[in-house]
Amino acid sequence: MSAKVVVSKRRNVNRQAIFLITLWPFPEDFFLSDPELKSKVPLEYLSHKEKYEEAVRKACLLFRKVIQLQNEGKGGMDNFREVLGGQLGSAILPDGNPITLHYVMFIPTLMGQGTIEQQAEWIQKAWNCDIIGTYAQTELGHGTFIRGLETVAKYDPKTEEFVLHSPTLTAYKWWPGGLGHSANYAVVVAQLYTQGKCHGIHPFVVQLRDEETHEPLPGIKIGEIGCKLGMNSTNNGYLGFDNVRIPRNYMLMKNSQVLPDGTYVKSPSSKLTYGTMIFVRVVLVQDAATYLKKASIIATRYSAIRHQSQIKPDQPEPQILDYVTQQYKLFPNIASCFAFQYAATWLWDTYNNITEELETGQLDNLPELHATACVLKAVSTADAAQGVEMLRLACGGHGYMTASNLPSTYGLVTAMCTYEGENTVLLLQTARFLVKMWQNKTNVYKLPTMKYLATALNRATPFEKSVEWVIAALQKTAAGKIDLANRHLNERVAKGQSYEDAWNNTSIELVSAAEVHGRTIIVEQFYNTVQGYKSRVSKELGTVLEQLLQLYAVNAALRCTGDFLRFTEVLGKDITVLQTWLEELLSQIRPNAVGLVDSFDMRDEILSSALGCYDGNVYERLFNEAQKSPLNAEPVNKSYNLYLKPFIKAQL
Ligand SMILES: CCCCCCC/C=C/C(=O)SCCNC(=O)CCNC(=O)[C@H](O)C(C)(C)COP(=O)(O)OP(=O)(O)OC[C@H]1O[C@@H](n2cnc3c(N)ncnc32)[C@H](O)[C@@H]1OP(=O)(O)O
Ligand SMILES: Cc1cc2nc3c(=O)[nH]c(=O)nc-3n(C[C@H](O)[C@H](O)[C@H](O)COP(=O)(O)OP(=O)(O)OC[C@H]3O[C@@H](n4cnc5c(N)ncnc54)[C@H](O)[C@@H]3O)c2cc1C
C-alpha cells in the first residue's frame with residue numbers, strides 16, 4: 001500500500017490543500033473504462049429479475065478482471081477489497097453484488113475454521129471460482145441469538161456422515177447473500193449432534209446445487225427472499241434441508257472435531273466459531289467511512305453549485321454552502337469521514353495482530369477485539385447511516401432523486417446497521433465486557449482501549465477548549481456511565497432480580513455507556529493520527545487536519561452534553577463555549593470544504609451522481625438522466641386512451 005498525495009487545486013482552497021491519504025495503487029481505469037461494466041439501461045428501469053441478471057453479468061466480469069490482474073502480478077487482496085468495497089464495488093453494482101459473500105465470508109470462514117487439509121481441499125477451488133459459496137447462518141426465526149439456531153447436523157457413525165435437516169419453517173436459512181440463485185455451496189451454521197448430545201453451533205460446508213447444471217440437489221429447498229429496502233441484486237436467499245447427507249470431513253474442524261466413531265473433541269474456545277463475524281465487522285468500519293465520503297462529496301459539491309434564497313435582501317442568491325445550518329449538516333460529516341477512516345485503519349491493524357496471536361493459540365486479546373469490533377461497527381455504521389440521510393436531506397428535492405445516488409447509498413449503508421450483528425446487540429456485547437472489566441479492574445490497564453477505566457472516574461477534568469479535554473471528558477463520562485449502570489445492576493440484584501433480569505432492566509444505560517466508550521476510541525484514534533501526521537505534512541494541511549479533528553471532537557462533546565453535565569465538572573457556560581467553538585470551526589472549514597471532499601478522490605463514475613459531478617453541471621445531468629426514463633420515449637402513454645380519457649369523459 002503506497003501513499004499517494006492528492007492535490008486539489010480548487011479555487012476556494014488555501015492554494016494547495018494537499019491531503020496525505022493512503023491510496024491503494026489500484027487500476028480504477030481498468031474497470032471503469034470497460035464498456036461491458038456499464039449498464040445499457042439505468043438499473044432503476046429494470047425489473048427485479050433483470051436487475052439480478054445484470055448484476056450477475058457484471059459481477060462475473062468484475063471478478064474475471066480482478067483474477068486477470070492477479071495472474072499478471074498486478075495486486076492481490078487489495079484489488080478484491082476495492083471491487084467488494086463501498087467505492088468501486090458499489091459504483092459498478094449499486095444494488096449489491098450477488099457474489100460478495102463468496103469472498104467476504106465463505107472463503108474467510110474456510111480459512112478461519114477449516115483444518116489445513118480442508119483448506120487445501122476447498123480454498124483453491126473457491127479462489128478459482130470452481131465453486132461459489134455463501135455464509136448461511138441466519139434463519140427465518142433467528143438472526144441475533146445464534147445459540148438458538150434450529151438447523152441440525154446429526155452425525156451418523158455408520159456412514160460417517162452428517163445429516164442436515166430443517167425441523168421447522170423458522171429453521172430455514174434466510175438472508176444469506178447470493179444464496180437464492182448464485183451460490184452452489186455454503187458454509188452452513190448448524191447445531192451439531194453426535195452420540196445423542198448437542199454440542200452447539202458449528203460450521204459445515206454443504207453443496208447446494210449441481211456443479212454442472214446448477215440444479216438444487218436432492219433435499220435442498222432454495223430460493224430468493226424477495227424485494228428489500230435496497231441491495232436488490234444481492235440475491236439474498238432462503239435454504240431448507242430435508243435430511244441432506246454430507247461427509248464427516250465437510251464439518252470445518254480447525255477448532256473442534258468429530259472423530260469417525262462420533263466422538264466430539266471440544267474447541268479450545270467456543271468463541272473461535274464466531275471468528276468470521278469479527279472479521280466482517282472490522283471491514284464494515286471502512287465501508288462506513290467510504291459510504292459517508294461518497295455522500296459528503298455529493299452533498300458538498302452540490303451545496304457549492306446550488307444557489308437559493310437570500311441572506312441579505314439586496315444580494316444575489318448565495319451558494320447554500322454559505323448557510324451555517326447547511327455547514328452544520330455537511331462539515332461534521334466530512335470530519336466523521338476522516339475519523340472513521342483512521343479508526344478503520346487502526347482496527348484493521350489491531351485485528352491482524354490479534355489474529356496472528358490466535359494462530360499461536362493465544363486468546364488473551366480476543367475478548368477486547370470482539371468488544372472493540374462490536375462498538376466501532378455499531379457506532380460507525382449508525383453515524384454513517386444517519387449522516388448519509390442528513391446529507392440527502394441537505395440536497396432538497398434533488399437529493400430525493402435516484403440520479404443523485406443518495407437514496408441508493410442510504411440503502412447500502414443502513415443495511416450495515418443490521419447485518420453482521422444488529423447494532424444494539426453489538427453495543428450490549430461491548431457493555432458486557434466493559435462491566436466485566438469494571439467489576440475486576442486488575443487487568444484493565446493491559447487493555448489499550450479500556451485502560452482509561454482504571455483512573456478516569458476520579459480524574460479531575462476542568463473544562464478547557466481543547467481536544468485533549470474532550471477525550472478526557474468522554475473517558476470520564478464513559479467510566480461514570482459504566483459505574484452507574486453497574487451500581488443499578490447490583491441494586492436490582494440486591495432487590496431480588498436475577499442477574500439476567502437486572503441486565504435487561506439496565507440495558508438502556510448499558511447501551512449508552514458502550515456508545516460513549518466507542519466515541520472515546522474514535523476521537524482518540526483521530527487525535528493520535530493527526531499528531532502523527534503533523535510532522536510530515538505542510539503547515540496548511542496540518543491546520544486543516546487539526547480543524548477537522550477539533551470539529552469531530554467538539555461535535556462528539558455536544559452530542560453528550562447531558563452526560564457531560566452529569567459525569568464531569570463541565571458547566572452550562574462551558575457548553576456555550578463548545579457551541580461557539582463549533583461555529584468558529586464551521587467558518588474556518590468553509591473555504592476548504594470542496595477541497596476536502598475532493599481529497600477523497602472519488603471519480604464521477606464512482607460517485608454515479610448527477611449532483612456530485614466534478615464539473616458541477618448538475619442541471620444538465622439531471623435533465624439528461626430524466627430523458628432515460630422509458631416513459632419519455634413517447635409523448636402520450638397508452639394509459640391515456642386506456643384509462644385516463646375514459647375517466648375524464650365519464651366525469652363530463
Ligand atoms: C464488503 C462487506 C460486505 C458484508 C456483507 C455481509 C453480509 C451479512 C452477513 C451476516 O449478517 S452473517 C450473520 C451475522 N450474524 C451475527 O452477527 C449474529 C449476532 N449474534 C451474535 O454474534 C451472538 O449471538 C451474540 C449476540 C454475540 C451472543 O452470543 P452468545 O449467544 O454466545 O452469548 P454471549 O453469552 O453473549 O457470548 C458468549 C461469550 O462469547 C463471546 N463472544 C460472542 N461473540 C463473539 C465473537 N464474535 N468473537 C469472540 N467472542 C465472542 C462473548 O463475549 C461471551 O464471552 P464471555 O463474556 O462469556 O467471556
Ligand atoms: C442486507 C442484509 C444482508 C444479510 N446477509 C446475511 C448473510 O449473508 N448471511 C447471514 O447469515 N445473515 C445475513 N443477514 C442477516 C443478519 O445477520 C440479521 O438480520 C441480523 O443478525 C439480525 O438478526 P434478525 O434479522 O433475525 O433480527 P433479530 O435477531 O430478530 O432482532 C430483531 C430486533 O430485536 C432486538 N433484539 C434482538 N436481540 C436482542 C438482544 N439480545 N437485546 C436487545 N435487543 C435485541 C433488536 O432491536 C433487533 O433489531 C443479512 C441481513 C441483511 C439486512
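What counts, and where the lines are drawn
- Residues numbered from 1 in each chain as written.
- Chains lettered and ligands numbered in written order.
- Predicted model: local features only at pLDDT ≥ 70, side-chain atom pairs only at ≥ 80, totals over all residues.
- Heavy atoms only, no water.
- Patch = residues over 30% accessible without salt bridge, like charges linked within 9 Å, V, L, I, M, F, W, Y side chains within 5 Å.
- Areas by Shrake-Rupley, 256 points an atom, 1.4 Å probe, with all protein chains shown as cover.
- Salt bridge = Lys/Arg side-chain N within 4 Å of Asp/Glu carboxyl O.
- Helix = DSSP H or I, 4+ residues; strand = E, 2+ residues; numbered from the N terminus.
- Buried < 20%, exposed > 50% of the residue type's maximum accessible area, 1.4 Å probe, protein only.
- Phe/Tyr/Trp six-rings, centres within 6.5 Å; stacked < 30°, edge-to-face > 60°.
- Near = heavy atom within 4 Å.
- Polar contact = N/O pair within 3.5 Å; in protein donor to acceptor, adjacent residues only side chain to side chain.
- Domains from an automatic or database assignment.
- UniProt positions renumbered as here; feature names shortened; annotations may be inferred.
- Contact = heavy atoms within 4.5 Å.
- Axes fitted to C-alpha atoms, helices over the stretch in contact; angles between N-to-C directions.
- Parallel < 35°, antiparallel > 145°, perpendicular 65-115°, else oblique.
- Left-handed = near helix turned anticlockwise from the far one by under 90°.
- Nonpolar A, V, L, I, M, F, W, Y, C, P; charged D, E, K, R; others polar.
- 1 Å grid on protein atoms, 1.4 Å probe; cavity = no way out; pocket = protein on both sides within 12 Å on 5 of 7 lines; lining within 4 Å.
- Points joined across faces, edges and corners; volume = space filled by probe spheres on them.
- Expected span 1.5 Å × (residues − 1).
- Bend = angle between axes of the 7 residues up to and from the residue.
- Buried area = accessible area lost by both parts, 1.4 Å probe.
- Pairing = 2+ DSSP bridges.

Novice: What is the right way to read a nonpolar patch on the surface from this model?
Specialist: On the surface, Val 636, Tyr 640, Leu 644, Phe 647, Ile 648 and Leu 652 cluster together into a nonpolar patch covering about 610 Å² of accessible area. Looking at where Leu 652 falls in the secondary structure, it is placed in the segment after helix H21 (638–651). By relative accessible area, which is 78% here, Leu 652 ends up exposed.

Novice: Before we go on, may I ask you to explain the packing of aromatic side chains in this structure?
Specialist: The description of two aromatic rings rests on the distance between their centres and on the angle between their planes. As enumerated under the stated definition, the model contains 23 aromatic pairs in all. Between Phe 80 and Tyr 103, the aromatic rings sit 4.8 Å apart at their centres with planes inclined by 35°, giving tilted as the arrangement. Separated by 23 residues along the polypeptide, Phe 80 in helix H3 (residues 77–84) and Tyr 103 in helix H5 (residues 100–113) bring together distant segments of the chain. As far as the burial class goes, Phe 80 and Tyr 103 line up, both buried. Ring centres 4.8 Å apart and planes at 75° place the aromatic pair Phe 463 and Trp 469 in the edge-to-face group.

Novice: When you look at the site of ligand 1 in this model, what are you seeing that I'm missing?
Specialist: Within the structure, ligand 1 sits among 27 residues, and Thr 144, Tyr 274, Gln 429, Arg 432 and Lys 436 are positioned closest to it. Side-chain polar atom of Arg 281 to an oxygen atom of ligand 1: 2.8 Å apart, as the coordinates give it. One nitrogen or oxygen atom from the side chain of Gln 429 is found 2.7 Å from an oxygen atom belonging to ligand 1. For ligand 1, the accessible surface in isolation is 1,200 Å², of which the surrounding protein chains cover 85%. Listing elements by their share of the shell around ligand 1, those giving two or more residues are H5, helix H7 (275–305) and helix H11 (423–439). Among the elements that line the shell around ligand 1, the one with the most residues is H7, at 6 residues. Shared between two domains, the shell around ligand 1 holds at least three residues of each, these being domain 2 (133–266) and domain 3 (279–595).

Novice: Which parts of the structure should I look at to understand the UniProt feature "active site" (unreviewed entry) in the protein?
Specialist: As annotated by UniProt and renumbered to match this structure, "active site" (unreviewed entry) occupies Glu 420. Within the secondary structure, Glu 420 is located in the loop between helix H10 (406–415) and H11. Dropping the residues within four chain positions of it, Glu 420 is found in contact with Met 105, Met 277, Val 280, Arg 281, Leu 284, Lys 377 and Leu 426.

Novice: What is the right way to look at the packing of H7 against helix H8 (residues 324–359) in this model?
Specialist: When two helices pack together, their arrangement is given by the angle between the helix axes and the distance between those axes. Relative to each other, H7 and H8 sit at 155°, their axes nearing to 8 Å. Judged on the interaxial angle alone, H8 and H7 are roughly antiparallel. Along this stretch, H7 crosses H8, giving a crossing that reads as left-handed. Each residue belonging to the contact of H7 with H8 can be placed in one class, and the counts come to 16 nonpolar, 8 polar and 1 charged.

Novice: Whenever I open this one, the layout of surface pockets confuses me. Can you help?
Specialist: Rolled over the atoms, a probe sized like a water molecule indicates the empty space that remains. Approximately 1,200 Å³ is the volume found for the second largest pocket. Lining the second largest pocket are 37 residues, and of these Glu 44, Ala 91, Pro 94, Ser 608 and Glu 625 lie nearest its centre. Of all the secondary structure elements, the ones that give two or more residues to the lining of the second largest pocket are helix H2 (48–71), helix H4 (88–92), H10, helix H19 (604–607) and helix H20 (618–627). Sort the elements by how many residues they give to the lining of the second largest pocket and H10 lands first, with 4 residues. Of the residues assigned to the lining of the second largest pocket, the class counts are 15 nonpolar, 11 polar and 11 charged.

Novice: Would you take a moment to explain the site of ligand 2 for this structure?
Specialist: Near ligand 2 lie 19 residues; those nearest to it are Tyr 135, Thr 138, Gly 143, Thr 144 and Gly 177. Measuring from an oxygen atom of ligand 2, one finds a backbone N or O atom of Gln 137 at 3.2 Å. Between ligand 2 and Gly 177, the relevant distance is 3.0 Å, taken from an oxygen atom to a main-chain nitrogen or oxygen of the residue. Looking at the shell around ligand 2 residue by residue, the classes come out as 9 nonpolar, 8 polar and 2 charged. Looking at which domains feed residues into the shell around ligand 2, each of domain 2 (133–266) and domain 3 (279–595) gives three or more.

Novice: It is not clear to me how the side chain of Asn 486 should be interpreted in this structure. Could you clarify?
Specialist: Structurally, the position occupied by Asn 486 is in helix H12 (residues 467–494). Within polar-contact distance, the side chain of Asn 486 engages the side chain of Gln 439 at 2.8 Å. Residues contacting Asn 486, with those up to four places away along its chain left out, are Val 435, Trp 438 and Gln 439.

Novice: In this structure, what is going on with the pattern of salt bridges? I would like to understand it.
Specialist: Side chains that carry opposite charge are capable of pairing whenever their charged atoms lie near each other. Under the counting rule described, the total for this entry stands at 32 salt bridges. For Asp 34, the salt bridge is made with Lys 65, and the minimal N-O distance between the two is 2.8 Å. On the criterion of sequence distance, the pair formed by Asp 34 in the loop between helix H1 (28–32) and H2 and Lys 65 in helix H2 is long-range, its members being 31 residues apart. Between Arg 57 and Glu 54 there is a salt bridge, and its shortest N-O distance comes to 2.9 Å.

Novice: When you look at H21 in this model, what are you seeing that I'm missing?
Specialist: Residue pairs spaced three or four apart in an α-helix point in one direction, given the helix's 3.6 residues per turn. Counted at 1.5 Å a residue, the expected span for H21 with its 14 residues is 20 Å, and the 20 Å between its end C-alpha atoms agrees. Of all bends in H21, the biggest is about 40°, found at Leu 644, and the proline Pro 646 comes one to four residues later. The opening residue of H21 is Asn 637, an N-cap whose side-chain oxygen sits 2.8 Å from the backbone nitrogen of Ser 639.

Novice: Could you clarify how one ought to interpret the UniProt feature "domain: Acyl-coenzyme A oxidase N-terminal" (unreviewed entry) in the protein in this entry?
Specialist: On the UniProt side, "domain: Acyl-coenzyme A oxidase N-terminal" (unreviewed entry) is annotated at positions that read residues 28–132 here. Between the first and last C-alpha atoms of residues 28–132 the distance is 25 Å; the span itself is 65% helix and 0% strand.

Novice: Sorry, what's going on with the domain arrangement of the protein here?
Specialist: Reports of interface size often rely on the accessible area that becomes lost once the parts have come together. Partitioning the protein into structural domains gives domain 1 (15–97), domain 2 (133–266) and domain 3 (279–595). Using only C-alpha atoms to locate each centre, domain 1 and domain 3 end up separated by 29 Å. Buried surface at the junction of domain 1 and domain 3, both sides included, amounts to about 1,300 Å², of which 59% is carbon and sulfur. The closest approach of N and O atoms between Asp 287 and Arg 81, which form a salt bridge, is 3.1 Å. Seen at the junction of domain 1 and domain 3, the total is 3 residue pairs in polar contact (both at pLDDT 80 or more). Secondary structure elements with two or more residues in the side of domain 1 that touches domain 3: strand E2 (17–22) and H4. Residue composition of the side of domain 1 that touches domain 3, grouped by class: 5 nonpolar, 4 polar and 3 charged.

Novice: Mind showing me how you'd approach the sheet that holds strand E9 (residues 220–224) here?
Specialist: For sheets, the rule is that strands pair by backbone hydrogen bonds, running either parallel or antiparallel. On the basis of which strands lie adjacent, the open sheet formed by 3 strands has the order E6-E10-E9 and antiparallel pairing. Looking at which strands have only one partner, the edges of the open sheet turn out to be strand E6 (173–174) and E9. In this sheet, strand E10 (residues 237–241) lies alongside E6 in antiparallel orientation, the contact comprising 2 bridges. Following the sheet pairing, Lys 173 is matched in E10 by Leu 239.

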